[in-house]
Amino acid sequence: MSIIENHKTNGAAFCENPKLKARNVGVFYGEKQAIFDVSLDIGANEVIALIGPSGCGKSTFLRCLNRMNDTIDICHVSGEILLDGENIYDTKVDVVPLRARVGMVFQKPNPFPKSIYDNIAYGPRIHGLAHSRVDLDEIVEKSLQRAGLWNEVKDRLHSPGTGLSGGQQQRLCIARTIAVDPEVILMDEPCSALDPIATAKIEELIDELRENYTIAIVTHSMQQAARVSQRTAYFHLGQLIEVNPTDQVFTTPEHTLTEAYITGRFG
Amino acid sequence: MNYSSLIIAVLILLGGAYLLGRNRARAIASQGMRLHSLPTHYGALMALWTGLPPLLLLLIWALAEAPIIDHLLIAQLPEAVQQGSSSDIQLAISKVHNLAIGAGIEAAPELEPAVRHLLDLQERTLVLHSGMVLSLALLGIALTWRRIKADMRARTEVESIVRRLLFASSGIAVLTTLGILASVLYEAWQFFGKVSPFEFLFGTTWSPQVALRADQSGSSGSFGAVPLFAGTLLISLIAMFIAVPVGLMAAIYLSEYATPTIRQYAKPALEILAGIPTVVYGFFAALTVAPVIRELGESMGLAVSSESALAAGLVMGIMIIPFVSSLSDDVINAVPQSLRDGSYGLGATKSETVKEVVIPAALPGIVGAIMLAVSRAIGETMIVAMAAGLAANLTANPLDSVTTVTVQIVTLLVGDQEFDSPKTLAAFALGLVLFLVTLVLNFVALKVVQKYREQYD
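Residues numbered from 1 in each chain as written. Chains lettered and ligands numbered in written order. Predicted model: local features only at pLDDT ≥ 70, side-chain atom pairs only at ≥ 80, totals over all residues. Heavy atoms only, no water.

Asker: Teacher, can you tell me more about the packing of aromatic side chains here?
Answerer: The relation between two aromatic rings is expressed through the spacing of the ring centres and the mutual angle of the planes. Residues and elements named next belong to chain B. According to the stated counting rule, one finds 10 aromatic pairs over all chains in the structure shown. With a centroid separation of 5.4 Å and an interplanar angle of 65°, the aromatic rings of Phe191 and Phe192 are classed as edge-to-face. According to the relative accessible area criterion, Phe192 is partly exposed, its value standing at 23%. Geometrically, the ring pair formed by Phe198 and Phe202 is tilted, given 5.0 Å between the ring centres and 45° between the ring planes. Of the two residues, Phe198 and Phe202 are both situated in helix α7 (residues 197–202); the distance of 4 residues between them amounts to about one turn of the helix. Its relative accessible area of 61% is what places Phe198 among the exposed residues. With relative accessibility at 53%, the residue Phe202 sits in the exposed group. Among the aromatic residues, those joined into a cluster by ring pairs are Phe191, Phe192, Phe200, Trp206, Phe223 and Phe229. The lysine or arginine in question, Lys350, covers the ring of Tyr257, its NZ or CZ lying 5.4 Å from the ring centre. (Phe/Tyr/Trp six-rings, centres within 6.5 Å; stacked < 30°, edge-to-face > 60°. Buried < 20%, exposed > 50% of the residue type's maximum accessible area, 1.4 Å probe, protein only. Helix = DSSP H or I, 4+ residues; strand = E, 2+ residues; numbered from the N terminus. Lys NZ or Arg CZ within 6 Å of the ring centre and 35° of its normal.)

Asker: Help me understand unusual backbone geometry in this model?
Answerer: Among all residues save glycine, negative phi is the norm, and among peptide bonds the norm is trans. Residue and element names in this part refer to chain A. One non-glycine residue, Asp37, lies in positive phi territory at about 50°. Counting through the fold element by element, Asp37 comes out in strand β3 (residues 32–43). A residue is classified by how much of its surface remains accessible, and Asp37, at 31% relative accessible area, is partly exposed. Positive phi outside glycine occurs at Glu189, with the angle close to 45°. Locating Glu189 in the fold gives a position in the loop between β8 (184–188) and α7 (196–209).

Asker: I would appreciate a short explanation of the layout of surface pockets in the present structure.
Answerer: The probe, sized like a water molecule, is rolled over the atoms to show the empty space still left. Residues and elements named next belong to chain B. Estimates place the volume of the largest pocket at around 550 Å³. Top element by residues in the lining of the largest pocket is helix α8 (residues 226–257). It accounts for 4 residues. Among the residues forming the lining of the largest pocket, the class breakdown is 9 nonpolar, 6 polar and 7 charged. (1 Å grid on protein atoms, 1.4 Å probe; cavity = no way out; pocket = protein on both sides within 12 Å on 5 of 7 lines; lining within 4 Å. Points joined across faces, edges and corners; volume = space filled by probe spheres on them. Nonpolar A, V, L, I, M, F, W, Y, C, P; charged D, E, K, R; others polar.)

Asker: I keep staring at the interface of chain A and chain B and nothing clicks. Help me out?
Answerer: Counting from both sides, the interface comprises 23 residues of chain A and, opposite them, 20 residues of chain B. Taking both partners together, chain A and chain B bury about 1600 Å²; carbon and sulfur atoms supply 63% of that area. Among the residues chain A hides against chain B, the three largest losses belong to Pro113, Tyr122 and Ile126 of chain A. Together they make up 30% of the total. Between Asp341 of chain B and Arg63 of chain A there is a salt bridge, with the nearest N and O atoms lying 3.9 Å from each other. Connecting chain A to chain B are 4 residue pairs in polar contact (both at pLDDT 80 or more). Of all the secondary structure elements, the ones that give two or more residues to the side of chain A that touches chain B are α2 (95–101), β7 (102–105), α3 (116–126) and α6 (166–179) of chain A. When its residues are assigned to classes, the side of chain A that touches chain B shows 12 nonpolar, 6 polar and 5 charged. (Contact = heavy atoms within 4.5 Å. Buried area = accessible area lost by both parts, 1.4 Å probe. Salt bridge = Lys/Arg side-chain N within 4 Å of Asp/Glu carboxyl O. Polar contact = N/O pair within 3.5 Å; in protein donor to acceptor, adjacent residues only side chain to side chain.)

Asker: Help me out: how do you make sense of the pattern of salt bridges in this one?
Answerer: Side-chain pairs of opposite charge can arise whenever the charged atoms involved come near each other. Applying the stated criterion across every chain, the model contains 21 salt bridges over all chains. Note that Glu183 of chain A is salt-bridged to Lys19 of chain A, the shortest N-O span being 2.9 Å. Residue Glu183 of chain A is found in the loop between α6 and β8, and its partner Lys19 of chain A is found in strand β2 (residues 18–29); the two are separated by 164 residues along the sequence. According to the relative accessible area criterion, Lys19 of chain A is buried, its value standing at 14%. Where Lys267 of chain B meets Asp330 of chain B, a salt bridge forms, and the shortest distance between an N and an O atom there is 3.2 Å. Residue Lys267 of chain B is found in helix α9 (residues 260–275), and its partner Asp330 of chain B is found in helix α11 (residues 309–334); the two are separated by 63 residues along the sequence.

Asker: Got a minute to help me understand the sheet that holds strand β1 (residues 10–11) of chain A in this structure?
Answerer: The strands that make up a sheet are held in pairs by hydrogen bonds between backbone atoms, and each pair lies either parallel or antiparallel. Residues and elements named next belong to chain A. Strand order across the open sheet formed by 7 strands is β1-β11-β10-β4-β9-β8-β7, with mixed pairing between neighbours. Lying at the two open borders of the sheet, with one neighbouring strand each, are β1 and β7. Of the pairings in the sheet, the one linking β8 to strand β9 (residues 214–218) comprises 5 bridges and is parallel in character. Within β9, the position partnered with Ile185 by the bridge is Ile215. (Pairing = 2+ DSSP bridges.)

Asker: Quick question: what am I supposed to make of the pairing of strand β11 (residues 239–245) of chain A here?
Answerer: Put simply, side chains in a regular strand alternate between the two faces of the sheet. All names here are of chain A. In terms of burial, β11 is largely enclosed, as 6 of its 7 residues are buried. Bridge count for β1 against β11 is 2 bridges, and the pairing is parallel. Paired with Gly11 across the bridge in β11 is Val243. Note that strand β10 (residues 231–236) and β11 share 6 bridges and pair antiparallel. Of the residues in β11, the one forming a bridge with Ala233 is Val243. Turn length for the β10-β11 hairpin, with the two strands adjacent in sequence and antiparallel, is 2 residues, and the turn residue Leu237 shows positive phi of about 45°.

In structure tokens, the structure reads:
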């Protein structure tokens, strides 16, 4: 498949009540350009799925949304990304509060080598969200409950987080992200290291979290995109090809590349 | 034939055997038979059987020859000498050896039969062992030649011989360690026969002077090693006090903050510190650091001896910085990037991430690095000998001169000595303590590092 020339995104890339607005975003690793001119809205309280073949730039784009790419020295971002109307790449913006507002869950569960309690309490502590031990206990309990992990771990809050199963670890990481009370949660293939049962639990959780948070999820599983998201964005070789309501993308895709991907002709 | 020409002869035979074995295998193959192994395997097998047994025999012979000849010589010594003490016999035998190579200072007619017997023996053993070694090599060729058939499993046999050879090589290292340990244990045992272990381990006075002759006026010696242990502890503590924080922070800078270019130059530069000979550190400590400390102390009205634990400890600390920094840098680098990402993703700053996530994750490895540095500090001799002095003071004051276990071992064994006096044997007892302490430290360090490896691999 060749790169499409006109850089035009099919479908409805913009929405009425955007939380995050990406405008003409390009990402460069040194000389090499990984993302080309992507413009996309992410609506408040929606789950948007970013899909596409490996190396299409969907993870790179996701990592732009909370400036995680800053940790890579040679990475450079052009264009602008607005969170509630404010450009997060503005020189005045401090990444620390930004990442507290836009949290991230990673592909591989990465609990810190600390107790379950301290894993959750880490974020609130560094941001000074709890004013007392009781406050902190409450945040930990609430976060674990929202992540659907409370009943499984309430008796062993002080045993190491690394001792949990893969699925539990990933829910722990989600609870950890929720604990700093973000507005947006970015998920980078959160289920790719998990078995189907753990995956089902996380998907259920994502659906519940939508009430309070805006979620962008990168996934390789089209079934997962279909199950959890309201809108789906299809990336191909660093370009945003098509954005539409999820039902529409999976039944009547506008672009031939999208159709080729979802029908399994490549990917 | 002497040993070197014998060895060369065996090696030539070995080369010939290889070609012979390979060609025989090829000849069998050319008759249309299917060989079990490649022809080179048959050659290698033949070479191994030709070379190994004679060389092994040669080794055993070289080790056993001297005692056996000496034993045979005793019978030829004059009656009077044979009746004498074992040291008299030893003396006579070395005289015989000297006379035999024509290095006798004075002629000793009474030893003449022994000298003639020795020359005769040497001539005969030379012929005997040359003959045995060469015939063993030829026997190897002949037997293997007969065994080579199409269905012979030469490859399997070569592999198993090679495996045994490798095992023997690793065995040498282990056996040497055990041998050293056994000799230290034996000498220490002798020492504890003369000085009670209780006095040695808990006595607080160290003054290992012993009268060499009965008529000499000397102290009876006292062997309380506590001042030495205390001195070692004090200096190691000072050294770790410098090396651990500086080394750790250097490691954190190198692995987390430095740009690749800085790291590329800074890391080797830091590691150069480990390559400086300790004697250079020693005179740096004694001639530069110690006087500075003394002047500083005097300007503040403190009495500082010109050789102080502080000077030695400071310089030793600098010396072991690279041990801590280099190993810690490696373990910090081994902490998965995903943990750092997780922390940054929550809005943590770099220093929060390092302090709360990276260091705890790398802690077991860092502890391992520190343990190795401690055992290095305890074993260090030269800096202490030059900068901290030899006086066995029992003190916790870093401005005093102290001494350490290793330095005392050196002083005990330098100069004239008798090998059965408690003074000399004390060195082995100290060595044993040192050995046990560093063994335990290394063991613990290895365990800790292993535990750490299991976590991420």
